[in-house]
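# Summary of the model geometry
As a plain string of letters, each chain reads:
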Amino acid sequence: MVLSDRTIKGLLASGRIVIDPCDPEDIQPSSVDLHLGPRFQVFRNSRYPYIDPQVEQLGLMDLVEASVGEPFVLHPGEFVLGATVERVVLPNDVVARLEGKSSLGRLGLLIHSTAGYVDPGWEGTLTLELSNVANLPIVLTPGMAIGQISFMRMTTPVDRPYGSPGLGSRYQGQVEPTPSKAFRQRPGQGR
């Protein structure tokens, strides 16, 4: 079941869920607003002729920093990685979903392609998969509300939370937009 604002506030107050920083004004009826960080990973199209997920391609992306005075401009058809300002920590009996803000979606901004699921045991900032499907560029200003996270309680605590040895969790503890580590995946292994 999706957790209500009352339950979210209680879990935040007890430290069972961590969102840092967290302004009480960002708590919505069944979610918490998250904000865009200043760093972006941008594809360097001239370095490789194609993307091969099974091979580490050093320098495939460049880290770019924006500011309120010099925001990031996401052009039509462009895809970049961003990250939330907030660090999120989940206990082993809560799973979360990251979704875009509908007001931004109505402008053509998508904040994730497939990575909207946050496993129990997660700790770190959330990497955003930002796409502009509109016909005009979209200005992305660090600090703007970019998405919302909702929480669901599991039927039981998980046996192996994200980050457990042997799971192959490649993104635990990330602090900025993190490029794909698909090349580290062994056959039959999860994320």
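In this numbering scheme, every chain counts its residues from 1 along its sequence in written order. Note on the predicted model: pLDDT of at least 70 is required for a residue's local features to be given, and 80 or more for side-chain atom pairs to be given and counted; whole-chain, interface and lining totals, by contrast, use all residues. Remark: hydrogens and water are excluded; side-chain values derive from all non-hydrogen atoms of the structure.

## Quick word on the environment of L12
So the rule is basically this: We count a stretch as a helix when DSSP gives it H or I for four or more residues in a row; a strand needs E for two or more, and each element gets its number in order from the N terminus. Only heavy atoms matter for contacts: two residues are in contact if any of them lie within 4.5 Å across the pair.
For L12, the location among the structural elements is in helix α1 (residues 5-14). Once you skip the residues sitting within four places of it in the chain, L12 turns out to touch I17, V18, I19, C22 and I27.

## So, the side chain of H35
What counts here: Throughout this description, buried means an accessible area under 20% of the type-specific maximum (1.4 Å probe, protein chains only), exposed means over 50%, and partly exposed covers the range between.
As for its position among the elements, H35 is in strand β2 (residues 32-35). On the basis of relative accessible area, H35 is assigned to the buried category, the value being 15%. Sequence-distant contacts of H35, defined by excluding residues within four places in its chain, comprise D26, A83, T84, V85, E86, G143, M144, A145 and I146.

## Considering the nonpolar core
Our working rule: Only buried residues count toward a nonpolar core. Its members are Ala, Val, Leu, Ile, Met, Phe, Trp, Tyr and Cys residues joined through side-chain atoms within 4.5 Å.
Residues F40, L130, L140, I149 and F151 are the most contacted members of the largest nonpolar core, which totals 37 residues. Discounting chain neighbours no more than four positions away, the residues touching F40 are D62, L63, V64, A66, F72, V80, L81, G82, L130, L140 and P177.

## Section: the layout of surface pockets
Formally: With a 1 Å grid laid over protein atoms only, a set of points is called a cavity when a 1.4 Å probe fits there but cannot get out and a pocket when it is open yet has protein on both sides within 12 Å along at least five of seven lines; lining residues have an atom within 4 Å of a point. Grid points are joined across faces, edges and corners, and a volume is the space filled by probe spheres set on the points. In this classification, Asp, Glu, Lys and Arg are treated as charged, Ala, Val, Leu, Ile, Met, Phe, Trp, Tyr, Cys and Pro as nonpolar, and every other residue, Gly included, as polar.
In this model, the largest pocket occupies a volume close to 980 Å³. As for the largest pocket, its lining consists of 36 residues, of which Y171, T178, P179, S180 and K181 are closest to the centre. Only β6 (79-89), β9 (117-118) and β10 (123-132) provide two or more residues apiece to the lining of the largest pocket. Element by element, the count of residues in the lining of the largest pocket is highest for β10, at four residues. Classifying every residue of the lining of the largest pocket gives 20 nonpolar, eight polar and eight charged.

## Examining the packing of aromatic side chains
Which entries qualify depends on this criterion: Ring pairs are drawn from Phe, Tyr and Trp, using the six-membered ring of Trp, whenever the two centres fall within 6.5 Å, and their geometry is named by plane angle: stacked under 30 degrees, edge-to-face over 60, tilted for the rest.
In this structure the tally under the stated criterion is three aromatic pairs. Taking 4.3 Å as the distance between ring centres and 20° as the angle between the ring planes, the aromatic pair formed by F40 and F72 counts as stacked. A residue pair is termed long-range when its members are at least 10 positions apart, and F40 in strand β3 (residues 39-43) and F72 in strand β5 (residues 72-74) qualify at 32 residues. When the ring of W122 is compared with that of Y162, the centres are 5.4 Å apart and the planes differ by 50°; the resulting orientation is tilted. Of this pair, W122 sits in the loop between β9 and β10 while Y162 is found in the segment after β12 (145-153), placing the two residues 40 residues apart along the sequence. For Y162, a relative accessible area of 8% gives the class buried.

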